[in-house]
Amino acid sequence: MPFLTKVGLQYGQVPISTGRIFWVAPSAQYSVQGQTFSASDDNDGLSPERALRTINQAVTNATANVGDVIYLLRGTHTVTVTNNLSKAGLTVIGESGSTYGSAALGIKPRTTLTIRGTSDECVNVTADDITFEDLVFQGTAGY
């Protein structure tokens, strides 16, 4: 698929997996290589140009224990409900890099997952074998 090479150059190494990769955008409008797209849970999430809006929808679309990956595009993913990781064998990857890095040098801003406006937890893991990579969890003050 051509988008893997294109995205691999911009976002670093695209994860190698036996399952599918579900792309999740940090906001309703997001950019990939200078083009703007709309994230929606009505998208299939199987390409960066058709990203899902929520991690929960990516979990719904994923299949347990086949190597599916949820890839969070760079930025801050702010949620108002708990992300329920209820399928075994998923990997959740945040686009890695330094906040002050240069994309030209291969160093990208980090990916953050945070929850606001509720006392619920940000992530609720209820299945075995869930892996997190290159992801910053940010707590909510006052809760």
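Our structure's up above, just so we're on the same page.
S.K.: Which residues make up the packing of aromatic side chains, and what values go with them?
M.R.: Counted by the stated rule, this structure contains 3 aromatic pairs. For the ring pair Phe132 and Phe137, a centre distance of 5.5 Å and an interplane angle of 80 degrees mean the geometry is edge-to-face. Given a relative accessible area of 33%, Phe132 falls into the partly exposed group.

S.K.: Residues and numbers for unusual backbone geometry, please.
M.R.: Although it is not a glycine, Asp129 sits at a positive phi angle of roughly 60 degrees. Residue placement: Asp129 occurs in the loop between strand 9 (123-125) and strand 10 (131-133). Unusually for a residue other than glycine, Asp134 sits at a positive phi of about 50 degrees. With respect to the secondary-structure elements, Asp134 resides in the loop between strand 10 and strand 11 (136-138).

S.K.: Run through the sheet that holds strand 11, naming residues and quoting values.
M.R.: Taken in spatial order, the 3 strands of this open sheet run 5-8-11, and their pairing is parallel. Whereas interior strands pair on both sides, the edge strands pair on one side only; in this sheet they are strand 5 (75-79) and strand 11. Neighbouring strand axes in the sheet, compared pairwise and without regard to direction, differ in orientation by 20 degrees on average. Note that strand 5 and strand 8 (residues 111-115) share 5 bridges and pair parallel. Residue pairing across strands places Thr78 opposite Thr114, the latter belonging to strand 8.

S.K.: With reference to specific residues and values, describe the sheet that holds strand 4 (residues 69-72).
M.R.: Here 4 strands make up an open sheet; going across it, the order is 1-4-7-10 and the pairing parallel. Two strands bound the open sheet, and with one partner strand each, they are strand 1 (21-24) and strand 10. For this sheet, the mean angle separating the axes of adjacent strands, direction not counted, is 20 degrees.

S.K.: Could you give an account of the pattern of salt bridges, with specific residues and numbers?
M.R.: Under the defined criterion, the tally for this structure stands at 3 salt bridges. In this structure, Arg20 engages Asp68 in a salt bridge whose closest nitrogen and oxygen atoms are separated by 3.9 Å. Of the two residues, Arg20 is situated in the loop between helix 1 (2-11) and strand 1 and Asp68 in the loop between helix 2 (55-61) and strand 4; the sequence distance between them amounts to 48 residues.

The rules behind the values
Residues numbered from 1 in each chain as written. Predicted model: local features only at pLDDT ≥ 70, side-chain atom pairs only at ≥ 80, totals over all residues. Heavy atoms only, no water. Phe/Tyr/Trp six-rings, centres within 6.5 Å; stacked < 30°, edge-to-face > 60°. Buried < 20%, exposed > 50% of the residue type's maximum accessible area, 1.4 Å probe, protein only. Helix = DSSP H or I, 4+ residues; strand = E, 2+ residues; numbered from the N terminus. Pairing = 2+ DSSP bridges. Axes fitted to C-alpha atoms, helices over the stretch in contact; angles between N-to-C directions. Salt bridge = Lys/Arg side-chain N within 4 Å of Asp/Glu carboxyl O.

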